[in-house]
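Observations on the model geometry
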Amino acid sequence: LGLLECCARCLIGAPFASLVATGLCFFGVALFCGCGHEALTGTEQLIETYFSKNYQDYEYLIDVIHAFQYFIYGTASFFFLYGALLLAEGFYTTGAVRQIFGDYKTTICGKGLSATVTGGPKGRGARGPQRAHSLQRVCQCLGKWLGHPDKFVGITYVLTIIWLLVFACSAVPVYIYFNTWTTCQSIANPSKTSASIGTLCADARMYGVLPWNAFPGKVCGSNLLSICKTSEFQMTFHLFIAAFVGAAATLVSLLTFMIAATYNFAVLKLMGRGTKF
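Bear in mind the structure is a predicted one, so any value in this text is a computation, not a measurement.

Cis geometry marks the peptide bond from Phe215 to Pro216, where omega comes out at -5°. Structurally, Pro216 is set in the loop between strand S3 (201–203) and strand S4 (218–220).

Dropping the structure here:
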């Protein structure tokens, strides 16, 4: 076969939904982990500088921030590995599904992968037993390992539910910073509010960030406005927004993976001609 024909066959059997979901997953996880890590560091600096003069007041907060940062490291490593596995599963099941429908003629590797799903011939032909190609054997072994799309659907479903919680948690700091930014806008434009500027405050204690006995715990009036104008506050706010967007992109990628894997599993289950799962 010529190079162009081989490339055309590979493109026909490519799982485009899994490819898009993998790219979106890697992008979302990288954005969530990278921006989230830096945003937590910026939050720690803001608390130390403006909201508490006693280290014991935010000692527990620092421990929580460091724990979240380690969680981010683990999340990044896990999702990059699991995304690669889901992409491999997408190539595996998509080739098998299209072989069933007859619109995709597999190569030697494709035959080895789909044989474990479609129940195709294993080393026998019209002339009796034949020696399997070495590449085909490797792909058959890989197919046996990936030959459980129902398990991938279940794991992805559980991860989607867990990531919904992570997505909700990533919205909390965005809400806190947005409220603070809104308060600063009211201070900068006193004509748009009936309250006194001195009573407009950002209290870290009311969000559970600091204990109620922390001093000062809150910043009001022109002091709060000066904090909002600092590059540290602006950068941290935008980093939390970027982390929230990354969490949303990761959630969309997991939903796409789950839909594609469920479709392939359903087709293989109902039309797999003796498929065993």
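Once that is clear, we can look at the nonpolar core. Membership of the largest hydrophobic core comes to 48 residues, with the highest contact counts inside it found for Phe32, Ile47, Trp163, Leu210 and Leu224. When residues in this core are grouped by element, the largest group, eleven residues, is from helix H2 (residues 16–51).

To continue, consider the side chain of Thr43. Residue placement: Thr43 occurs in helix H2. The buried category is assigned to Thr43, whose relative accessible area is 14%. Those residues in contact with Thr43 that sit more than four places away from it in its chain are Tyr177, Thr236 and Phe240.

Mapped onto this numbering, the UniProt entry gives "transmembrane region" (unreviewed entry) at residues 12–32, 70–88, 152–178 and 239–266. Segment residues 70–88 splits into 100% helix and 0% strand. End C-alpha atoms: 28 Å apart. Helix makes up 100% of residues 152–178 and strand makes up 0%, while its end C-alpha atoms are separated by 38 Å.

Quick look at the packing of aromatic side chains now. Applying the stated rule across the entire model yields 13 aromatic pairs. Measuring from centroid to centroid gives 4.9 Å for Phe167 and Phe244, while their planes differ by 20°, and the two rings are stacked. Separated by 77 residues along the polypeptide, Phe167 in helix H6 (residues 149–188) and Phe244 in helix H8 (residues 231–271) bring together distant segments of the chain. What makes Phe244 partly exposed here is its relative accessible area of 27%. Chaining the aromatic ring pairs together yields one cluster made of Phe32, Phe78, Phe79, Tyr82 and Trp163.

In this section: the side chain of Thr160. Its location among the elements puts Thr160 in helix H6. Residue class for Thr160 comes out buried when judged on its relative accessible area of 5%. From its side chain, Thr160 meets the backbone oxygen of Thr156 in a polar contact 2.7 Å long. The residues touching Thr160, leaving out its near neighbours within four places in the chain, are Leu251, Leu254, Leu255 and Met258.

How each quantity is defined
- Residues numbered from 1 in each chain as written.
- Predicted model: local features only at pLDDT ≥ 70, side-chain atom pairs only at ≥ 80, totals over all residues.
- Heavy atoms only, no water.
- Helix = DSSP H or I, 4+ residues; strand = E, 2+ residues; numbered from the N terminus.
- Core = buried A, V, L, I, M, F, W, Y, C linked by side-chain atoms within 4.5 Å.
- Buried < 20%, exposed > 50% of the residue type's maximum accessible area, 1.4 Å probe, protein only.
- Contact = heavy atoms within 4.5 Å.
- UniProt positions renumbered as here; feature names shortened; annotations may be inferred.
- Phe/Tyr/Trp six-rings, centres within 6.5 Å; stacked < 30°, edge-to-face > 60°.
- Polar contact = N/O pair within 3.5 Å; in protein donor to acceptor, adjacent residues only side chain to side chain.

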